[in-house]
Structures are given as structure tokens and as C-alpha cells.
Amino acid sequence: MASQSEVESSHKSSETTNVPVHGWDDLTDGQQLCIEWAWEQDWDQIKGYAKEHGPEVLLGVHREHEKVKKVSVLTLASHYRNPEMVKLTLEAGFDNKGAMYAAAIISMKDSDNSTILRLLLEHGLDPNTDPDPQFEGVVEIFSNLLMLAAERGHIDQAIALLDHGANVNKTVVHPDGHILSPLAFTVNYGAHDICRLFLTRGAIPTTNDVDIVFNFCLQACKGKHPMGLSRDVAIKMFATFLHLGKPDSDVIREGLNSFLPSYRDPTIANITKHYLQGRPFCCYVCEALTAKERDKLHMCPCRNVAYCSRECQVKHWKEHKVLCTGPLNEKGESEAMVKGRHKTGKGAAAGATVVGVAEGGAVATGRKGKKGKKGRGKKK
Ligand SMILES: [Zn+2]
Ligand SMILES: [Zn+2]
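Only a predicted model underlies this, so the values are computations on that prediction, with no experimental measurement involved.

Attention now goes to the overall build of the protein. Along the backbone of the protein there are 18 helices and six strands. Expressed as a percentage of the 380 residues in the protein, the buried residues total 45%. In the protein, 65% of the contacts between residues at least 6 apart in sequence involve partners at least 24 apart. Carbon and sulfur atoms make up 53% of the accessible area of the protein, which amounts to about 19800 Å² in all.

In C-alpha cells, the structure reads:
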């Protein structure tokens, strides 16, 4: 199929790149046939042939020409969305890591279907390896699979990758010097649900991420987000980012202050202010910014958490009841705090838990009272 000069050029390139490159002649006749049939999507031929001649006919990886990228039955089956063929090839023992990575990228580009991706992962695709640009389908080498899922907004694929050990904090360095994280991609491409997913699966916001979040969310609020993210979603994303990511307060303060007042957004500024004061700014469970039936969120009597609905409150109660200090008196003290102060020997057994709560409450309300005073002082 390939001319002599083409084969030569591919050999030349293998010398310079030090990567083994298979010319057409390195493949067995059966492997050549199967790749040709895969181009033509003649899957039945391939299946029949593999049955007759053994599964190794599916294992060829071919680079036809220096300018043409490497192909294989696997990458072509992924390209033509044929999970059955992908499975067959993998079960035949196909284990070229570069081709598997390429097949993953190809399967992720235009569809949120994660069947092929999961097959690849189950057969040993490492979601944390770096892409090999020699393969068909691999164009962007300054991102990884998790970033691709974020870029495309494909949450099922992001979940599949995380379930198979993708490192949610693995960054890449762009040639322009920017360090990009999967989290940054979600903000860049306006994928709120994936941003949330990454944060619940252990993404730790870096200072760089905080800069990116401020930058893109404020751009969106001005109607200038490069991917057309709406103000509404940008604000939701911002709240999610703070609530679940819990970035360092100093970094957040600096982040907001680095923008000119004319560029700031009142809602973003308000959320930031609440965050820095340790006050609830969104539903603890779903990060909604308003209650379902009214504007204001429902505050728990302890004033440490808020909810959009009874449903969310009930969901969180099991966890929160251990920390909840109950209603506060006019001094901002919880009942448990007062009791703890006047605790006597009587009822000490029951008091043990009360003291625990009181201590937690004292910390929480003490912080709150101080911040509250500080806030009032500032207004004068
Ligand atoms: Zn909620
Ligand atoms: Zn409470």
C-alpha cells in the first residue's frame, strides 16, 4: 500500500523521534487487511477473519506516512463509534498505550457516551499518561483526558475517568507559561456540573485556579466570557467553587481586590464577603443562592448553615445535628453555650454531649460575633 519512499520516511522519523514506528511492511498480512477493512468499516470481515486466523490480526499499529498519523483497528473502531469492535480488539490483547489514549480522545470528542472510554479504562488505559501526538485523533497535547471531558462538558466521561484513577489535580503547563488544572478547564468552558464534580472528588483549588475563577466569572458577569457563559451560571459556579473548594481566605481577598471596582459584580462581591466572614451564602447541600419559594435562603437557627428548601435541610441534618448549636440568644449565644457555662454536676452524663456542642458552638459563634462587629465597624 505505502510506496517505498513513504516507508523510508516513516523509518527516518522513527530514528529521529526514537519512538518505534511500524511501517506497513512490519505488519502481518492479516493485520494489514484488518486495518484496511476498519477504514471501510467492514467489521464483519474483521470479526470473521480474526476468528479464523487468531486475535493477533487485530493488533497492528500502522503509520503510513510521516504526515499521516498512526492508526489501528482500535482507533478506527473508536472513530466509527463501534464499541463492540473496540471490545474485541482489547480482548485480543491490544495494549499499545498511545493508541489506547488516542482511541479515548477520539471517543470523547463529539459524544458524551462513555462506553468506549470505559472499555479502554477497564483494559488498562492510564488516564494520567500524557498524550502522544503521533496518533490519529491527538491534536491538543496541552491538556489531558479529564480536561477534555471538562472542555466538552461530558460529565459521564469525567466520572468514568475519575472512577479509574484520573488525578483531578494533575496540571499541564501551556507553552505560554500558564499552568492549567482540570478545575480551571471547567471554569474556562463554563461546565458548572463538572466543576462541582471535580470539587467533590478532591480537586484542591490553587491560587492560579482562584485567579482563573475570578477572571472568567467576572468576564461572564460583564457578558464577555469567551465561551459565552451566562452571568447566572457564572455566579452559581463561583458559589460552588467557594463552598466546596474552600480556597484560602487571603487568596480570595487578593483575588477580588486585583480587579478594578468597575469590573466587579455586586453578587460576586457579596458572596465573597460572606465567604470571608464565614457566613453562609448558598444552600449547604446544593449551592442554590436563593430558596425555592422566596429570595432568601432559610437559615438554620444556629445561623451557621442555610438551605434552599426543607428537602436540602433534611438531607444535611444527620451530619449537621452534631454541630448545630440550636437557636442563639440576643447575645449570639446558643442554649448549649449558656448551659455549658452554668454546668453543674447534675446531669453530667447528658451534659457530656452538650459540652461538646457548646465548645463547637463557642468557636462558631465567637468567630461570627467578632466578624459581625468588624463588619459594623467598617460601615461607620
Ligand atoms: Zn438546596
Ligand atoms: Zn444549625
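This part is about the confidence of the model for the protein. Parts of the model with low pLDDT should not have their predicted coordinates read in detail. Taken residue by residue, the protein gives an average pLDDT of 82. The fraction at 70 or more is 81%. Considering each helix and strand of the protein separately, the mean pLDDT is smallest for helix α18 (residues 348–379), with a value of 33, and largest for helix α9 (residues 155–163), with 98. Below a pLDDT of 50 lies the segment residues 1–19, which in the model reaches 24 contacts outside its immediate sequence neighbourhood of four places, other chains included.

Take the coordination of the zinc ion (ligand 2) next. Only Cys-300 (SG), Cys-302 (SG), His-320 (NE2) and Cys-324 (SG) from the protein coordinate the zinc ion (ligand 2), and they sit 2.0 to 2.4 Å from it. One can describe the site at the zinc ion (ligand 2) as tetrahedral: its four donor atoms subtend angles covering 102 to 116° at the metal. Look at where the donors of the zinc ion (ligand 2) fall in the sequence and you get C-x1-C-x17-H-x3-C. For the pair shown, His-320 and Cys-324 are each scored as buried.

Before going further, it helps to examine the packing of aromatic side chains. According to the stated counting rule, one finds seven aromatic pairs in the structure shown. Between Phe-214 and Phe-259, the ring centres sit 6.3 Å apart and the planes meet at 40°, which makes this aromatic pair tilted. With Phe-214 in helix α12 (residues 207–221) and Phe-259 in the loop between α14 (249–257) and α15 (266–276), the pair connects residues that are 45 residues apart, well separated along the chain. Overall, the relative accessible area of 1% leaves Phe-214 in the buried class. Counting every residue linked through ring pairs, the aromatic cluster contains Phe-214, Phe-238, Phe-259 and Tyr-263.

The backbone phi angle of Arg-81 is positive, close to 55°, even though this residue is not glycine. With respect to the element layout, Arg-81 can be found in the loop between α4 (73–79) and α5 (83–91). In this structure Arg-81 comes out as partly exposed when scored by relative accessible area, which is 45%. If you check the backbone angles, Glu-287 has positive phi at about 65° while not being a glycine. For Glu-287, a relative accessible area of 2% translates into the label buried.

Before going further, it helps to examine the packing of α9 against helix α11 (residues 192–200). Between α9 and α11, the least distance of the axes is 10 Å, while the angle of their chain directions is 15°. Taken together, the axis directions place α9 and α11 in an arrangement best described as roughly parallel. In this structure, α9 crosses over α11, and the sense of that crossing is right-handed. Contacts between α9 and α11 involve Ile-155, Ala-158, Ile-159 and Leu-162 on the former and, on the latter, Asp-193, Ile-194, Leu-197 and Phe-198. Here the residues of the contact of α9 with α11 are counted per class, giving seven nonpolar, no polar and one charged.

Going through the model one piece at a time under the given rule, you end up with 11 salt bridges. Between Lys-47 and Asp-44 there is a salt bridge, with the nearest N and O atoms lying 3.7 Å from each other. With a gap of three residues between them, Lys-47 and Asp-44 both fall in helix α3 (residues 43–53), about one helical turn apart. Connected via shared salt-bridge partners are Asp-44, Lys-47 and Glu-84.

Our focus in this paragraph is α15. Note on helix geometry: an α-helix contains 3.6 residues per turn, so any two residues three or four positions apart are oriented the same way. Looking at α15, one finds that the buried residues are Ile-268, Ile-271, Thr-272, His-274, Tyr-275 and Leu-276. The backbone nitrogen of Thr-267 lies 3.0 Å from a side-chain oxygen of the residue at the head of α15, namely Asp-265.

With that settled, consider the nonpolar core. In terms of nonpolar packing, the biggest core is built from 90 residues, with Leu-58, Leu-120, Leu-125, Leu-161, Phe-198, Phe-214 and Ile-268 touching the most fellow members. Considering every element that reaches this core, the biggest residue donor is α12, with nine residues. When neighbours within four sequence positions are excluded, Ile-268 is seen to be in contact with Phe-214, Cys-217, Leu-218, Cys-221, Ile-235, Phe-238 and Leu-256. Membership of the second largest hydrophobic core comes to 10 residues, among which are Cys-300, Val-305, Ala-306 and Cys-312.

On to helix α8 (residues 145–152), then. α8 sits mainly inside the fold: six of its eight residues count as buried. Of the residues making up α8, those classed as buried are Leu-145, Leu-146, Met-147, Leu-148, Ala-149 and Ala-150. Taken together, the buried residues of α8 touch α6 (97–109), α9, β3 (172–173), β4 (179–180), α10 (182–188) and α11. The backbone nitrogen of Leu-146 lies 3.2 Å from a side-chain oxygen of the residue at the head of α8, namely Asn-144. With its phi angle positive at about 70°, Gly-153 sits one or two positions after the end of α8.

Rules and cut-offs
Residues numbered from 1 in each chain as written. Chains lettered and ligands numbered in written order. Predicted model: local features only at pLDDT ≥ 70, side-chain atom pairs only at ≥ 80, totals over all residues. Heavy atoms only, no water. Helix = DSSP H or I, 4+ residues; strand = E, 2+ residues; numbered from the N terminus. Buried < 20%, exposed > 50% of the residue type's maximum accessible area, 1.4 Å probe, protein only. Contact = heavy atoms within 4.5 Å. Areas by Shrake-Rupley, 256 points an atom, 1.4 Å probe, with all protein chains shown as cover. pLDDT = per-residue confidence, 0-100. Donors = N, O, S within 2.8 Å, 3.2 Å for Na, K, Ca; no water. Tetrahedral: all angles 85-135°; square planar, octahedral: opposite > 155°, others 65-115°. Phe/Tyr/Trp six-rings, centres within 6.5 Å; stacked < 30°, edge-to-face > 60°. Axes fitted to C-alpha atoms, helices over the stretch in contact; angles between N-to-C directions. Parallel < 35°, antiparallel > 145°, perpendicular 65-115°, else oblique. Left-handed = near helix turned anticlockwise from the far one by under 90°. Nonpolar A, V, L, I, M, F, W, Y, C, P; charged D, E, K, R; others polar. Salt bridge = Lys/Arg side-chain N within 4 Å of Asp/Glu carboxyl O. Polar contact = N/O pair within 3.5 Å; in protein donor to acceptor, adjacent residues only side chain to side chain. Core = buried A, V, L, I, M, F, W, Y, C linked by side-chain atoms within 4.5 Å.

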